[in-house]
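# Commentary on secondary and tertiary structure
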Amino acid sequence: MKTSISRKGAPGYVSVVLVLSTGLLLTMIMVFAYRGALASQEVQAKVQLRTDYAEKEEEILRAVVAITPNKAIRAMQNGSNGSAAMRNPLRWRNIFSEALTLANSRTSISAGVLGTLGVNNAIIANTGDGASLSLTDVKDLVDDLHSSTNPDHFVSPGLNRDLGAGFPPALDSAVPLVNDRDLLYPIISRSKIHGTFANGRVGLPVATYPQYNLLEYPQIGFGYARPGDPFVAKRNWWSFSLNAGNREDNVTEAVTKRRDFTLSIYEIPSQLAISAESFMSLGHHASGSAWQNTNIQGGVFAGRAVVEADTGLESISSRRGMEVADTAIIGGQSFAGSPFAPGLREAYFLTEGDFFPVSRASESGRAAFIPISRGALFFDRFATDENGVRLSGEQNMLSDTGWNHYSMGALQATMQLDVTEVQSATNPMPTKLRFSYLLPDGSTRNQMNVAVSGTLAGLPAGFVKVANENQSYAIPAGQVVDLAYGAPNGSGNFAFRTDISGTVTFNNATFGDPNVGTLKAGFWRPRAPFRIKQTSDGKICIALYPERFSAFLTKINAGGPAINHSVVVNVDYNTNLGAIYPTEPQIPTTDLDYGVILEECADLTPFTKGFSLVTNLRLYIGDDFNIVEATPPAGYTPAGQFFPPCSLFAPEKRYGVDHDPFAVNLSGQVGSLAKGHKVNDGDADLTVVRPLESLGASNNEIDPTRIVVNLRPITHPAELPPITMMNWLVVLEEKRSEFHAP
C-alpha cells in the first residue's frame, strides 16, 4: 500500500532580492547603531576627560594656595636675594611647578604606584596622559592674562595698573624693585599702598588710609568676618589663567576652556575682640570661676578653642577646630555635640541665614588663614638666629620689607629703651640706660646714654644751662625737672639728679665732683619719661611715664609723639663693649628678671597716631591707662567715644605695682602671641591661653566679680595702634562668567 503527504495551499518560492534587501537593511541598522555607540562612547570619554582635567585643576589650585604664602615669607627673609639657589625656588614658575607635583597632576598614575602594583610596563591608555605631559614647561598650562612672551612671566600682578572689570582694585608702588620683582615673585611689601588705582574702590579715602583700608570680606566659609562685610585689610593679588588640557588637546580632541583666577593675600591686622593662634580656653578663669560682667562684641579667633559652659559669643573661627559646651551660646545658637556635625550647617542656613557662626579655615578649599605669630621673638629686638646673628640685621631680601621687621613688634618701635650696664655680676641694679629715638624727619635715628647712678661722659641732649657753679636756681613752681652738673661746654663727666623741684644749689656738696679741678655749671631739662624704680618687694623695674614724652621729645629736638609713637623696652644682653652687661630675660620671667612699670598713662591724647609698648619683661600697669577721650580723626564714622589707639605687648602682665587693685575695667581687644598648641603627648601637654586672666601685683588672681570687660572689634583703620599682630588670609577666586567677553 502506498501513502503520500497531502499539501494544502499554494506553492511558495524564495526571493533572492528580498533576502538581500532585508540583510542590507539589518546591516545598515547595525552599522548606525554601532556608530551611535562609538559616538556616545567618545562623548562620554571627552566628558570624563574634561572632568578629570577639572579635578586636576582643582588640586593644582589648592596646592598654589598652600605653597604661595610660604614663598612670600621666604622672599622677605634675610638673604633671599643672595644667590640664584635662594631666588629661583621662590619664582612663580617654580610655585606652579611645585603645585603640579604636590597635586600629583603630571600623570594619571605615578611610576611609584605602578611599581607598587608590579606593572611597570603598563600601557597607559589615557590620551590625556601622553609622554609630553612631563610638563617641563609649566607655561603651557599656566600663563599671565596678557600672554606675555617672557618665559618667566606667569602672573599679572595687581600693581600700578587696572586690569578692568572683574578684578580687584590694584595697589600702587613707587619702588622699582618691588614693581619689577612682583612679576617674578610673590612680593609682600609696605611699599605697596592703596593709591590711585584703589581710589573710590575701597571704603575710605586712600590719601588718609594708604596702608590699611576698609575692604569687603570675601565670599568664603571661614568666618573671620561675615562675607560681604567691611573689614580692615590690604589686598595683594596676582591673576593668571589655567588650562590643564591645553597641551594635549591635539591628541585628546577634548577642547578645554582656559579659566582666569585671582590669588589674593590679604594682610589683616588683628582686629577681633579676642585673637590667639594658640590653644585658648574661653569662659572660665584658671581658678574655675566663670567670666562675669563680660560683654564681647563681634568675633573671636583661636588656633584651637574650648568654649566653656554658659559662655556667649557672636561668632568664633579657628584653624584646628574647637570643643563647644552644650550650654554655650554662639551666634544665638547652642550646639549639642560637635558644631561641625554633617548637615548642621545646612540646616542652620535654611532657618537662620547664610552666615554660620562657627567655622574652621580648613572648610574653605581655596582659602588659608595664617596668623603671623613669632612667639617670644615678637618682644625682643636683641634676638639672634641659630648662628648668633641678630635678627634685626636683615639685608639682601627680594622684598624691600624684611620678615623680622614685619613680624616682630620689638623691631617696629620708633623709640628704644635698653638696659646697657649694671652694677656688677652679682648686683643687677642698672647703672646706664640707652634711649634711641627718631628725629623730626621721621627716618634719622639718634640716641643718648642716660646715667642711672654715678657719672656719665658728655652732656645728653636737651639740657639747658641755668646756673654757674655754687649758684642756686629756683625751679618754677609746679615743675619737676632733671638736673645735670659739669663743665659749661658740655665736655668731661657729668653728675645727675632726677625728679627735683624747689630750689637747688649747683655745687660739689649737692652733686659730688664729676670733674675735679674743672669749673662747672648747672643744667636742667624736663623729666625723662623713664626711671629705674623698685617695687615694694624689691623687684627692679624700668618705669615708663608716657604723659612725659611730649615735653621731653620737644626739649631734645626729637620728632614729636606723632613720629615717636611706640617704645620697646629691652635688656641689651648680647652686645659686648667691655662693660658689665645684664643677662638675657627669661620667659616665663623669673624673680631675677627686671620688670616694666607703666604709670602716668591716663591721658595719651598727645599721641595722635596712637601709642604702643613692647617689652620682653613683666609689665605692671600701675595707673589708669588711656582713659581720656580724644578728638576723632576726620572721616571717622563709628559711633561712640574715640580714644588714641594703643597696644601693650608683654609676655606677662600684672595690675598694680605695690598693691593689688580693687577692681579692673578692661575695654578694647585682647590677644595672645603664644605659639600653637602641642599635641605630641595629648591634652596634658597643651599650653592653654586664658585671655581674660587678670593677676594683681601679688601674683594672685583678681576677684572675677571685680573684673568688668567690654571687648569689641576694630572697625576702622583709625583704630589701629602703631604696632599690631598680623594675619594673612590667602584666597583664590575664579573670575566670574559675567565678566568674560562673549
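Residues numbered from 1 in each chain as written. Predicted model: local features only at pLDDT ≥ 70, side-chain atom pairs only at ≥ 80, totals over all residues. Heavy atoms only, no water.

## Some points on the sheet that holds strand E22 (residues 493–500)
Strands sit in the order E18-E22-E21-E24-E19 across an open sheet of 5 strands; the sheet is antiparallel. Either end of the sheet is taken by a strand with one partner, and the two such strands are strand E18 (455–457) and strand E19 (464–468). Adjacent strand axes in the sheet meet at a mean angle of 35 degrees when their direction is disregarded. Bridging between strand E21 (residues 481–486) and strand E24 (residues 521–526) involves 6 bridges; their strand directions are antiparallel. The partner of Ala 484 across the bridge, within E24, is Phe 523. (Pairing = 2+ DSSP bridges. Helix = DSSP H or I, 4+ residues; strand = E, 2+ residues; numbered from the N terminus. Axes fitted to C-alpha atoms, helices over the stretch in contact; angles between N-to-C directions.)

## Regarding the pairing of E24
Across the 6 residues that make up E24, a large majority, 6, are buried. By the bridge criterion, 4 bridges tie E19 to E24 in an arrangement that is antiparallel. Across the sheet, the residue bridging to Lys 465 is Phe 523, located in E24. (Buried < 20%, exposed > 50% of the residue type's maximum accessible area, 1.4 Å probe, protein only.)

## Description of helix H3 (residues 92–102)
Every buried residue belonging to H3 is among Trp 92, Ile 95, Phe 96, Ala 99 and Leu 100, and all of these are buried. Summarising the axial view, the buried residues of H3 lie within an arc of 140 degrees, below the 170-degree limit, and thus occupy one face. Exposed side of H3, more than 90 degrees from the buried face: Thr 101 and Leu 102 are the residues found there. Once H3 ends, the next one or two residues include Asn 104, with phi positive near 55 degrees. (Arc of directions from axis to C-beta.)

## Considerations on a nonpolar patch on the surface
A contiguous nonpolar patch, built from Leu 24, Met 28 and Phe 32 and spanning about 320 Å² of accessible area, is present on the exposed surface. Structurally, Phe 32 can be placed in helix H1 (residues 16–76). (Patch = residues over 30% accessible without salt bridge, like charges linked within 9 Å, V, L, I, M, F, W, Y side chains within 5 Å. Areas by Shrake-Rupley, 256 points an atom, 1.4 Å probe, with all protein chains shown as cover. Salt bridge = Lys/Arg side-chain N within 4 Å of Asp/Glu carboxyl O.)

## Some points on the confidence of the model for the chain
In the predicted model, the chain carries a mean pLDDT of 87, and the fraction of residues at 70 or more is 88%. The secondary structure element of the chain with the lowest average pLDDT is helix H6 (residues 249–252), at 56, and the one with the highest is strand E29 (residues 611–615), at 98. Counting interchain partners and residues more than four positions distant, the pLDDT-below-50 stretch residues 677–685 has 8 contacts. (pLDDT = per-residue confidence, 0-100. Contact = heavy atoms within 4.5 Å.)

## Re the environment of Ala 233
Secondary-structure assignment places Ala 233 in strand E4 (residues 230–242). Ignoring any residue separated from it by four or fewer positions in sequence, one finds Ala 233 in contact with His 194, Tyr 212, Asn 213, Leu 215, Tyr 266, Glu 267, Ile 268 and Pro 269.

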